[in-house]
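So you can see what is in the structure, the chains are spelled out below.
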Number of protein chains: 2
Amino acid sequence: MQTSRTHELTAEQIYAAVRSGGGRLTVPLRILVDVLIAGEDHPTADELIAAVESRTPGIAPSTIYRLLQRLEDAEVIEHIHVGRGPAVYHLRHNEHAHLVCHECGAIIGIPEATFDGLVRSIGRKYDFTIEPRHAALLGRCRRCVA
Amino acid sequence: MQTSRTHELTAEQIYAAVRSGGGRLTVPLRILVDVLIAGEDHPTADELIAAVESRTPGIAPSTIYRLLQRLEDAEVIEHIHVGRGPAVYHLRHNEHAHLVCHECGAIIGIPEATFDGLVRSIGRKYDFTIEPRHAALLGRCRRCVA
DNA sequence: ATTGCTGCAAACCTTTTGCAAGAAT
DNA sequence: ATTCTTGCAAAAGGTTTGCAGCAAT
């Protein structure tokens, strides 16, 4: 096993997480996990489908969607909703909230702790527990504010 | 013209806003505006389509979508994205940010000022201007936290 | 008379689902 | 041997678009 900085998950650890939930270790699962680990930060399902396809043709889009759900159930990944567009996915070892620029689509990850104050005050005032990781905050990045 | 508490927009004022942008005052537009003023707080496009249809049959869904866009361009209404589901619309005279429970779908309107601190600190740290009205914060309402 | 708006139908995009065959356990 | 997963294809949900005719200006 490789050494890992921070909480980087290895493919092996992810496989273990999937199996411990009774899941099977299939070829498409392995490929998707590799793509998730190696690929960019916030891929959409479509980008993942393309990446998997380019690596090993013949895997059905529906399979990717089902795998993504499986990985989410295993608490390995998480998806967030980005305004109107498709959901984006990311590994949970990399947990954070997101700022999304609705002009250029840039996604900025920020520490969840940024919301601590807001979580508390909204919890108190509205009896509502916000989960800042679950939906992005929309706005404009510096370049697009111009 | 009627007196109006707070900043309630009258239908007439909305018509004026639409016309000042070069838009025409059509029958479907009038009906939709009435529905928006009279109806519930956070309708989806689908609910608006149903409400318009029940009032005056024969108006195409695509017309409603185009009208909503027109009203949005005229800065009369605004839509927000609510996690995976369809967008919801509301009159801008009623501006606020939203908390959405992703268990039961409840929508809670909260004053935008709630975000003042966060807007400032995120602006400073990430060079990013969040627009809290534009996307809901997802979480769980009290009943669903149980 | 001009041109914006409408209804209709079809297309679109993202995601989900039914099903029979195949693969991991 | 069991039953979880897959590929395929179709469906579903929400929204957008092309087009010819109608209506507001």
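Residues numbered from 1 in each chain as written. Chains lettered and ligands numbered in written order. Predicted model: local features only at pLDDT ≥ 70, side-chain atom pairs only at ≥ 80, totals over all residues. Heavy atoms only, no water.

**So, the protein's contact with DNA strand C**
The environment of DNA strand C is made up of 22 residues, and the closest members are Arg19(A), Tyr65(A), Thr26(B), Thr63(B) and Arg66(B). Among the atoms of DNA strand C lying within 4 Å of the protein, the sugar-phosphate backbone contributes 62%. One nitrogen or oxygen atom from the side chain of Arg66(A) is found 3.4 Å from a base oxygen belonging to DNA strand C. In the environment of DNA strand C, a base oxygen lies 3.1 Å from a nitrogen or oxygen atom belonging to the side chain of Arg24(B). Contributing elements (two or more residues each) for the surface near DNA strand C: helix 4 (61-73) of chain A together with helix 4 (61-73) of chain B. Ranked by residue count, the leading element in the surface near DNA strand C is helix 4 of chain B, at five residues. Split into classes, the residues belonging to the surface near DNA strand C amount to nine nonpolar, six polar and seven charged. (Near = heavy atom within 4 Å. Polar contact = N/O pair within 3.5 Å; in protein donor to acceptor, adjacent residues only side chain to side chain. Helix = DSSP H or I, 4+ residues; strand = E, 2+ residues; numbered from the N terminus. Nonpolar A, V, L, I, M, F, W, Y, C, P; charged D, E, K, R; others polar.)

**Topic: helix 5 (residues 116-126) of chain B**
All names here are of chain B. Regarding helix 5, the residues found buried are Leu118, Ser121 and Ile122. Taken end-on, helix 5 shows its buried residues confined to a sector of 100 degrees, consistent with a single buried face. Along helix 5, the residues that are exposed and aim more than 90 degrees away from the buried face are Arg120 and Arg124. With its phi angle positive at about 55 degrees, Asp127 sits one or two positions after the end of helix 5. (Buried < 20%, exposed > 50% of the residue type's maximum accessible area, 1.4 Å probe, protein only. Arc of directions from axis to C-beta.)

**Some details on the protein's contact with DNA strand D**
Looking at DNA strand D, there are 22 residues lining it, with Thr26(A), Thr63(A), Arg66(A), Arg19(B) and Tyr65(B) nearest. Within 4 Å of the protein, the atoms of DNA strand D are drawn from sugar and phosphate moieties in a proportion of 61%. At 3.2 Å from a phosphate oxygen of DNA strand D is found a main-chain nitrogen or oxygen belonging to Ala60(A). One of the backbone nitrogen or oxygen atoms of Leu25(B) is found 3.3 Å away from a phosphate oxygen of DNA strand D.

**With respect to the sheet that holds strand 5 (residues 128-130) of chain A**
Spatial ordering of the open sheet is given by 5(A)-6(B)-3(B)-4(B), a layout of four strands whose pairing is mixed. Sheet topology places strand 5 of chain A together with strand 4 (107-110) of chain B at the edges, where each strand pairs with a single neighbour. Each neighbouring strand pair of the sheet contributes to a mean axis angle of 40 degrees, computed without reference to strand direction. Sheet analysis places strand 5 of chain A next to strand 6 (residues 137-141) of chain B, joined by three bridges and oriented antiparallel. Bridge pairing in strand 6 of chain B places Ile130(A) opposite Gly139(B). (Pairing = 2+ DSSP bridges. Axes fitted to C-alpha atoms, helices over the stretch in contact; angles between N-to-C directions.)

**Some thoughts on the confidence of the model for chain A**
Reading predicted coordinates in detail is not appropriate for stretches of low pLDDT. A residue-level look at chain A finds 95% of positions with pLDDT of 70 or above and a mean pLDDT of 90. Here residues 1-5 of chain A scores under 50 on pLDDT; set against residues more than four positions off or in separate chains, the count is one contact. (pLDDT = per-residue confidence, 0-100. Contact = heavy atoms within 4.5 Å.)

**Structural notes on the interface of chain B and chain A**
If you look at the interface, chain B gives 31 residues, while chain A gives 31 residues. Between chain B and chain A, the buried area comes to about 2900 Å², and carbon and sulfur atoms account for 66% of it. Summed over the three residues of chain B that lose the most area to chain A, namely Tyr126(B), Phe128(B) and Leu138(B), the buried surface amounts to 21% of that side. The tally of links between chain B and chain A comes to four salt bridges. A salt bridge links Arg142(B) to Asp127(A); the shortest N-O distance between them is 3.3 Å. Counting across the chain B and chain A interface gives 10 residue pairs in polar contact (both at pLDDT 80 or more). For the side of chain B that touches chain A, the secondary-structure elements that each account for two or more residues are strand 3 (97-101), strand 4, helix 5, strand 5 (128-130), strand 6 and helix 6 (142-145) of chain B. The element contributing the most residues to the side of chain B that touches chain A is strand 6 of chain B, with five residues. Among the residues forming the side of chain B that touches chain A, the class breakdown is 18 nonpolar, eight polar and five charged. (Buried area = accessible area lost by both parts, 1.4 Å probe. Salt bridge = Lys/Arg side-chain N within 4 Å of Asp/Glu carboxyl O.)

**Re the relation of the copies chain B and chain A**
With an RMSD of 0.2 Å, the fit of chain B onto chain A corresponds to turning through 179 degrees and sliding 0.0 Å along the axis. Here the symmetry operator amounts to a two-fold rotation axis. (Least-squares fit on C-alpha atoms with pLDDT ≥ 70 in both.)

**A few points about the packing of helix 3 (residues 45-55) of chain A against helix 4 of chain A**
Residues and elements named next belong to chain A. Close contact between helix 3 and helix 4 brings their axes to 10 Å; oriented N to C, the two are set at 120 degrees. If you check the angle between helix 3 and helix 4, you find them oblique. Crossing of helix 3 against helix 4: the hand is right-handed. Here helix 3 contributes Ala45, Leu48, Ile49 and Val52 to the contact with helix 4, which in turn contributes Pro61, Ile64, Tyr65 and Leu68. Here the contact of helix 3 with helix 4 is built from residues that sort into eight nonpolar, no polar and no charged. (Parallel < 35°, antiparallel > 145°, perpendicular 65-115°, else oblique. Left-handed = near helix turned anticlockwise from the far one by under 90°.)

**Description of the environment of Glu131(B)**
Relative to the elements of secondary structure, Glu131(B) occurs in the loop between strand 5 and strand 6. Once the C-alpha coordinates of Glu131(B) and Thr114(B) are considered, the two residues, 17 residues apart in sequence, prove to be 12 Å apart. A polar contact is formed between the side chain of Glu131(B) and the side chain of His102(A), at a distance of 2.7 Å. At a separation of 2.8 Å, a polar atom in the side chain of Glu131(B) contacts the side chain of Arg140(A).

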